[in-house]
Amino acid sequence: MNKSLIIFCIVVLSSFQMMGQKFFTRNGHLGFFSKTNMEDIKASNESVTYIMDLSTGEINISALQTNFQFEKALMQEHYNENYVESSKFPKAIFKGKIDDMSKVNFKMEGVYNAKVSGNLEIHGVTKPYSVDAVFKVGGGHVLAETNFKVKCADHNIKIESSLKNNIAESIDVNAKADLTELKK
Amino acid sequence: MSLLGDSDPIIYSSATFKSTRVINGQSIENVAGGVMDFRVSHRFGTFNSGIHKMFGLDIASMRLGLEYGLNDRVMVGLGRSNVNEEVDAFTKIKIFKQVESGPKKMPISLSYFASMVMRGTAWADPNRDNYFTSRLFYCHQLLLARKFNDQLSIQLTPTFVHRNLVETKADFHDIYAMGYGGRYKLTRRLAVNAEYFHVLGNRLPSGNTNSLSLGVDLETGGHVFQLHITNSASMNEKGFITETTGEWSKGDIQFGFNISRVFTIKEKKPPLAQ
């Protein structure tokens, strides 16, 4: 009798704790792809920090620009030195929130589609974005993924006219992360 | 949500110089791992050689080089120069890198450079005993560089050159020099460079001079064009440091260029598919 009371208490308490629960990862993925007739440029960053508050739907993402790996070393150097100017603006940061929390239920396994809106800072310029994201919930994990486009000009990233044919004006971005509970 | 920003990773300084050379001398930069750099270097004759030589444009010293990054820290290179029919082989190794921000502090980058040069010209005196080793020259350098900001980088290059065979008995086999190099970036594609090698302790014959070069770096995608004026004809380290005879004050100045074209031989692990 006593035992089941304790178990009951634990279950109740832990579900309360769930309300303010934060999920996170330091090994999230952020990739981008620029396609032009001249060349394809691909880069990915596998050490992106994602933090999500499951009760409020708040999502923060932080990526170090210098951690983007390119296929060609010179592209990587130019990306950091000439375009995003990593020494001045070392991080790309997203701060946002799930628009409608009734669309998701993080306590139940399943796949949920929801819009996430927030501000994305790249190259020192912050712009509002609203993207469609997918959340797969199950087994203590939340798998979050979204695809969206970023225009270089929106973030004051200048591309010289001689390279307009090599670098797309609008870059495809893929964000994907496997979040687990943050243990304090 | 306070966790963002508390991860404080180390960011190393990058692109201290545009190219693996300041002008003649090595810069702190290596070609990246898996990247091949094909270099064509050219020095015309001196400006004061007169109209019959079209102020130097008729004369050409050149070096062709193939240089490769074994990884991001170690590069090797091989070059052929028509000055004294020389072949040079070298390695450049990054020991540590300047930290721009992060929990560790490191104000400078340090690399080690070593080269061997084989001179191919016919023996000055074929009748004496000539050894293959007499054709060899060695050079060791430490490269200490600091990127002060996005524009200004400065490099100090303590140098030791050993020559197995020297012209006269009075000549020293070992030469010590200090190199000073700097660049100032004007735009994201254009930088100006200056370089000076000071031979220490009067160990060279009186006709020899210190190498002084001024130039610009122009970058266009995979190419770097380095255009410069210099009083040195040789394009390997022991050559421009110990065999320069041109004097700026007398107009023994040569126009020259280095063209660098990089090819990615081995691509880095491909990023995840989109």
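Everything discussed here concerns the structure shown above.
Along every chain, residues carry numbers that run from 1 in the direction the sequence is written. Both sets of labels track the order of writing: A upward for chains, 1 upward for ligands. In keeping with the predicted nature of the model, local features appear solely for residues at pLDDT of at least 70, side-chain atom pairs appear and are counted solely at 80 or more, and the whole-chain, interface and lining totals rest on all residues.

## Some remarks on the overall build of chain B
Stage number 1. Segments assigned H or I by DSSP are reported as helices when at least four residues long, segments assigned E as strands when at least two residues long, and all are numbered from the N terminus. In terms of helices and strands, chain B carries one helix and 14 strands.
Stage number 2. Atoms counted for the radius of gyration: C-alpha only. Globule rule: 2.2 Å times residue count to the power 0.38. Since a compact globule built from 274 residues should have a radius of gyration of about 19 Å, the 20 Å found for chain B is in line with a globular shape.
Stage number 3. Based on the C-alpha atoms only, the size of chain B along its principal axes is roughly 80 × 40 × 40 Å.
Stage number 4. Burial is judged by counting other C-beta atoms within 10 Å of a residue's own C-beta: 20 or more means buried, 12 or fewer means exposed, and anything between counts as partly exposed, with every C-beta placed from the backbone. Here chain B holds 274 residues, and 38% of them are scored as buried.

## Structural notes on the overall build of chain A
Stage number 1. Within chain A, the regular secondary structure consists of two helices and nine strands.
Stage number 2. Ordered by position in the sequence, the α and β elements of chain A form the string α-β-β-β-β-α-β-β-β-β-β.
Stage number 3. Taking all 184 residues of chain A together, 31% fall into the buried category.
Stage number 4. Residues are treated as contacting if the C-beta atoms built from their backbones sit within 7 Å of each other. Residue pairs at least 24 apart in sequence account for 57% of intrachain contacts in chain A once pairs closer than 6 positions are excluded.

## Side note on the interface of chain A and chain B
Stage number 1. On the side of chain B, 23 residues touch chain A, which itself brings 29 residues to the contact.
Stage number 2. Broken down by secondary-structure element, the contributors of at least two residues to the side of chain A that touches chain B are strand 1 (22–35), strand 2 (40–53), strand 3 (58–64), helix 2 (73–83) and strand 9 (170–181) of chain A.
Stage number 3. Each residue is assigned to one of three groups, with Ala, Val, Leu, Ile, Met, Phe, Trp, Tyr, Cys and Pro labelled nonpolar, Asp, Glu, Lys and Arg labelled charged, and all others, Gly among them, labelled polar. In terms of residue class, the side of chain A that touches chain B is built from eight nonpolar, twelve polar and nine charged.

## Some details on the sheet that holds strand 8 (residues 136–147) of chain B
Residue and element names in this part refer to chain B.
Stage number 1. Two strands form a pair only when DSSP identifies at least two bridges running between them. With respect to topology, twelve strands assemble into a closed barrel ordered 2-3-4-5-7-8-9-10-11-12-13-14, the strand pairing being antiparallel. Strand after strand, the sheet turns through a mean of 20 degrees between neighbouring axes, direction not considered.
Stage number 2. Pairing of strand 13 (residues 223–230) with strand 14 (residues 254–264), which is carried by eight bridges, proceeds in the antiparallel orientation. Opposite H223, over in strand 14, you have R261 as the bridge partner. Orientation is described by lines fitted to C-alpha atoms, with helices fitted over the stretch in contact, and by angles between N-to-C directions that extend from 0 to 180 degrees.

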